[in-house]
Amino acid sequence: MINNFLITPGLGSSYLMGVMLSKYANGTCYSKGAFDKLAKIKNSNIILVKKFIRDPGQGDGYDPNIIQTLKKNNNKIIYIVIDGFACEQSRKDTIFIDSIKKYKDLYDLILWPNKFTCEKYSHLGVSDTLYHLYDDKIKPNVAKEFNITYFGILRKDKVLFNEKVKQKLNVIDCCGDPAKQKIKPGCSSLTEELIKYSCHYSVRGKKFPEFTYGVNTKLSSAAASNANIICSRDKCFEELLPEYDYYIDDVNNDSINEMYNRCEREFGTKNWEKNLQLLEKVRKETAPKFIGNKLNELIKKHL
């Protein structure tokens, strides 16, 4: 079957797990609003990226009535989970999981972002784990000294940092509408800007949904650019990289400062190089071609 990806244009995660993944998984991308075109498609895999099926008028998602129409045309509905759990961060209700439960019969396969989450919610339907890929345009960095970047939107509800580190962080805003992205002078793209940095940063609090249910994109982007990363021991990170010297286990101002100072001190040393070698495994196992093949394997396995 052909893979047809439904994406939300302008979102970084939809770009990677939709546009990028479709290149390596025999796929075609459609805007999530292009149901007039999709209604004519039969006998294919419809892959929902990021957004989930939810009640009409209850937020940005897929209308269950439209999904039912797609299923009547003998299409299989596959859902790639990205950040649905973030919907619950400031709510008392569990809108994401409740929606999955309500419409579980509409999903033929749910692909969770890490094994922990998959095991916890596999009772909701046919499930498996699909790690996230990195942008195939990312190249090894060319930095000659220790410097550090945050690849994304620096928000306090998504990442923890203190003023010292914030002053050192070079933020590369890789999210949102590509037309509005601010590329620094002298660079032709965000990935060209990324190769200027020898270290990445991604520290989350244990209560953040991304810590437990999040994706591996930032870890994989660091690995792809041959850069180490100061990071919390997120579930997804630890599954891919059990042993790593630059995890912060007890996240607080002091531990963040200590790890920053350690990385600055160890840049270029044998230990720095040892940890780059550990990241090589992540680079290979989350490469776009590898993940594209994995997606097709999982579809063949379950459907």
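We now turn to the structure provided with this report. This structure is a prediction, so every number in the text was calculated from the model and none was measured. (Residues numbered from 1 in each chain as written. Predicted model: local features only at pLDDT ≥ 70, side-chain atom pairs only at ≥ 80, totals over all residues. Heavy atoms only, no water.)

1. Describing the overall build of the protein
Then comes step 1: Looking only at helices and strands, one finds 13 helices and 11 strands in the protein.
Then comes step 2: A globule of 303 residues ought to have a C-alpha radius of gyration of about 19 Å, and the protein, at 20 Å, matches this closely.
Then comes step 3: Dimensions of the protein along its principal axes, counting C-alpha atoms only, are 60 × 40 × 35 Å.
Then comes step 4: The long-range share in the protein, meaning contacts at least 24 apart out of those at least 6 apart in sequence, stands at 67%.
Then comes step 5: Element-wise, carbon and sulfur atoms account for 49% of the exposed surface of the protein, whose accessible area totals about 14200 Å². (Helix = DSSP H or I, 4+ residues; strand = E, 2+ residues; numbered from the N terminus. Rg over C-alpha atoms; globule rule 2.2 N^0.38 Å. Contact = heavy atoms within 4.5 Å. Areas by Shrake-Rupley, 256 points an atom, 1.4 Å probe, with all protein chains shown as cover.)

2. Some words on the pairing of strand β1 (residues 3-7)
Then comes step 1: With 5 of 5 residues buried, β1 is to be regarded as a mostly interior element.
Then comes step 2: On β1, burial covers both faces: Asn3, Phe5 and Ile7 on one face and Asn4 and Leu6 on the other are all buried.
Then comes step 3: Relative to strand β2 (residues 27-31), β1 runs parallel, the two being bridged by 5 bridges. Considered in β2, the bridge of Asn4 is made with Thr28.
Then comes step 4: Pairing geometry for β1 and strand β3 (residues 45-49), over 4 bridges, is parallel. Note on β3: the bridge partner recorded for Phe5 is Ile47. (Buried < 20%, exposed > 50% of the residue type's maximum accessible area, 1.4 Å probe, protein only. Pairing = 2+ DSSP bridges.)

3. Some points on the sheet that holds strand β7 (residues 148-151)
Then comes step 1: What the 5 strands build is an open sheet, ordered β8-β7-β9-β10-β11; its pairing is parallel. At either margin of the open sheet sits one strand with a lone partner, and together these are β8 (170-172) and β11 (247-248).
Then comes step 2: Both strand β9 (residues 199-202) and strand β10 (residues 228-232) contribute to a ladder of 4 bridges, which runs parallel. Paired with Ser202 across the two strands is Cys231, which belongs to β10.

4. Examining the packing of aromatic side chains
To describe a pair of aromatic rings, you give the distance between the ring centres and the angle between the ring planes.
Then comes step 1: Taken as a whole and judged by the stated rule, the model has 16 aromatic pairs.
Then comes step 2: Note on Trp112 and Tyr121: the rings are 5.6 Å apart at their centroids and 25 degrees apart in plane angle, and the pair reads as stacked.
Then comes step 3: Assessed through its relative accessible area of 11%, Tyr121 is described here as buried.
Then comes step 4: In this structure, Lys235 packs its charged tip against the face of Phe116, placed 4.6 Å from the ring centre. (Phe/Tyr/Trp six-rings, centres within 6.5 Å; stacked < 30°, edge-to-face > 60°. Lys NZ or Arg CZ within 6 Å of the ring centre and 35° of its normal.)

5. Quick look at the side chain of Asn162
Then comes step 1: As for its placement among the helices and strands, Asn162 is situated in the loop between β7 and α6 (163-168).
Then comes step 2: For Asn162, a relative accessible area of 8% puts it in the buried group.
Then comes step 3: A distance of 2.9 Å separates a polar side-chain atom of Asn162 from the backbone nitrogen of Val165.
Then comes step 4: A polar atom in the side chain of Asn162 sits 2.9 Å from the side chain of Asn257. (Polar contact = N/O pair within 3.5 Å; in protein donor to acceptor, adjacent residues only side chain to side chain.)

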